Amino acid sequence: MSASDLWTRDMLAPVGRLPTEQVRQLSESADFGTTVTEHMVMLNWSAEQGWHDGIVCPFGDLTINPVMSGLHNGQVVFEGLKVFRQSDGGLAGFRVVDHSRRLAASAHRLALPALPEDLFIASISELLQVDERWIPNGEDRSLYVRPTIFGTESTLALRPARTCTYLLLAFPTSAFFGQKAGSIAVWATTDYSRAAPGGTGEAKCAGNYAAGFIAQQQALAHDCQQVLWLDAAEKRWIEEMGGMNVFWMDAGALVTPPLSGTLLRGITRDSILALAARMGIPVEQRRVSLGEFCQRVAAGKITEVFACGTAAVIAPIGRIATTDGDLSIGGGPVTTRLRKVLTDIQYGRAADTEGWMFPFRW
Ligand SMILES: *Cc1c(COP(=O)(O)O)cnc(C)c1O
């Protein structure tokens, strides 16, 4: 079946739609992940039929079977990508095909079916067509698109679900940490682990977040917004933030932990590595212990630290709280330049030298 025959459209009658001025106000004032657009897209999958019954419909509650395996077995994966209004008025998504591939990889890890790339792209295009007016204008604003796949079979059996649903939602959004452009604080936990070798740390699976919330609560108690995760085996090596990857400038080189199988392969991370190399900044992917990191901050070698991810873009880290005390750092000229180079490409203000922008037109 071709991507275009798959969809049924079940639109709200125009009279049920919000007035355009209200949509504009809502979409241009929304914080991250709170305001959802008026429609959603769903596709079902079964072992016999494959992907079928695509529907574009008004956003609304789902009716779920209480025995649904996604709920009981936690078989749930997701993605997060952004669509930007371009300076020439068009619409473009950032690294859409890479997000599609990563969703397939996450699905594979959780024994869920992969959604073919043409359906992934078509589903986003369908949703953008009906909710285009929700894509905000303005500095730091974009449409955050959230695809998810979950098991829906009615069974407690401990095996992969034989029926699944793909659900696509969209959220007009601003930067993850809100309007305050300042830096964030992170708590380096040694009590809990995010990801063990061979586990699900490299997959975007919903359970990774649930497993991290207890440390996130500790972080809040230390007046920090995020957790800095160390490796599970030795609680020594810096890994990532649990929703963002981490970078720092050390003696003129940009450093980030290597993809060890327990880090999420951030697409922003990958983009920053590519942009920094093009800007002539030496880049190093290497393991660094929290102890070494603290020493190099104290010695003045580490001069900038930042977190990065689709939602947060690039956010300077101003404070790292550890059981041995606090470190003060922050962003700096490289953090600022990288953020500008990346966002200029995303909003179409600079040439898309890397071929990352995926235009949506219909
Ligand atoms: C999504 C995510 C990231 C960031 O990945 P991007 O592709 O840059 O958005 C980093 N770490 C974790 C655990 C994540 O879930």
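Here the structure is a predicted model, which means the values were calculated and not measured.

Q: What's the story with the overall build of the protein in this structure? I'm lost.
A: In terms of regular secondary structure, the protein is built from eight helices and 18 strands. By principal-axis analysis of the C-alpha atoms, the protein measures approximately 65 × 50 × 35 Å. Looking at the protein as shown, the accessible area adds up to about 15600 Å², and 53% of this sits on carbon and sulfur atoms.

Q: I tried to follow the packing of helix α3 (residues 96-109) against helix α4 (residues 117-131) on my own but got confused; where do I start?
A: The angle between the axes and the distance between the axes are what describe a pair of packed helices. Here α3 crosses α4 at 120°, and the two axes come no closer than 10 Å. By the angle between their directions, the pair α3 and α4 is classed as oblique. Pair α3 / α4 crosses with right-handed handedness. In this structure, α3 contributes Val96, Val97, His99, Ser100, Arg101 and Leu103 to the contact, and α4 contributes Glu117, Phe120, Ile121 and Ile124.

Q: Is there a simple way to explain unusual backbone geometry in this structure?
A: Only a minority of non-glycine residues have a phi that is not negative, and only a minority of peptide bonds are not trans. Not every positive phi belongs to a glycine, and Asp53 is a case in point at roughly 55°. Note that Asp53 resides in strand β3 (residues 50-58). Owing to a relative accessible area of 52%, Asp53 belongs among the exposed residues under this scheme.

Q: Sorry, what's going on with the nonpolar core here?
A: Counting residues in hydrophobic clusters, the biggest one holds 36 residues, and the most contacted among them are Phe120, Ile124, Ile149 and Tyr166. Counting residues per element, the ones that place at least two in this core are β2 (39-46), β3, β5 (81-85), α3, α4, β7 (142-151) and β8 (163-173). Ranked by residue count, the leading element in this core is α4, at eight residues. In contact with Phe120, other than residues within four places in its own chain, are Leu81, Val96, His99, Ser100, Leu103, Leu115, Pro147 and Tyr166. Phe177, Met244, Val297 and Ala307 belong to the second-largest nonpolar core, a separate cluster that totals 24 residues.

Q: Mind showing me how you'd approach the packing of aromatic side chains here?
A: Geometry of an aromatic ring pair is reported as the spacing of the ring centres plus the angle between the planes. For the coordinates displayed, the defined rule picks out seven aromatic pairs. Seen from their ring centres, Phe32 and Tyr144 are 4.9 Å apart, and the 70° between their planes marks the pair as edge-to-face. One end of the pair, Phe32, is in the loop between α1 (20-29) and β2; the other, Tyr144, is in strand β7, and 112 residues separate them in sequence. The exposure class of Tyr144 is buried, given its relative accessible area of 7%. Pairing Phe78 with Tyr209 gives two aromatic rings, centres 5.3 Å apart and planes at 50°, and the pair type is tilted. Here Phe78, found in strand β4 (residues 76-78), pairs with Tyr209, found in helix α5 (residues 206-221); they are 131 residues apart in sequence, far enough to count as distant. Judged by its relative accessible area of 29%, Tyr209 falls in the partly exposed class.

Cut-offs used in this document
- Residues numbered from 1 in each chain as written.
- Predicted model: local features only at pLDDT ≥ 70, side-chain atom pairs only at ≥ 80, totals over all residues.
- Heavy atoms only, no water.
- Helix = DSSP H or I, 4+ residues; strand = E, 2+ residues; numbered from the N terminus.
- Areas by Shrake-Rupley, 256 points an atom, 1.4 Å probe, with all protein chains shown as cover.
- Axes fitted to C-alpha atoms, helices over the stretch in contact; angles between N-to-C directions.
- Parallel < 35°, antiparallel > 145°, perpendicular 65-115°, else oblique.
- Left-handed = near helix turned anticlockwise from the far one by under 90°.
- Contact = heavy atoms within 4.5 Å.
- Buried < 20%, exposed > 50% of the residue type's maximum accessible area, 1.4 Å probe, protein only.
- Core = buried A, V, L, I, M, F, W, Y, C linked by side-chain atoms within 4.5 Å.
- Phe/Tyr/Trp six-rings, centres within 6.5 Å; stacked < 30°, edge-to-face > 60°.

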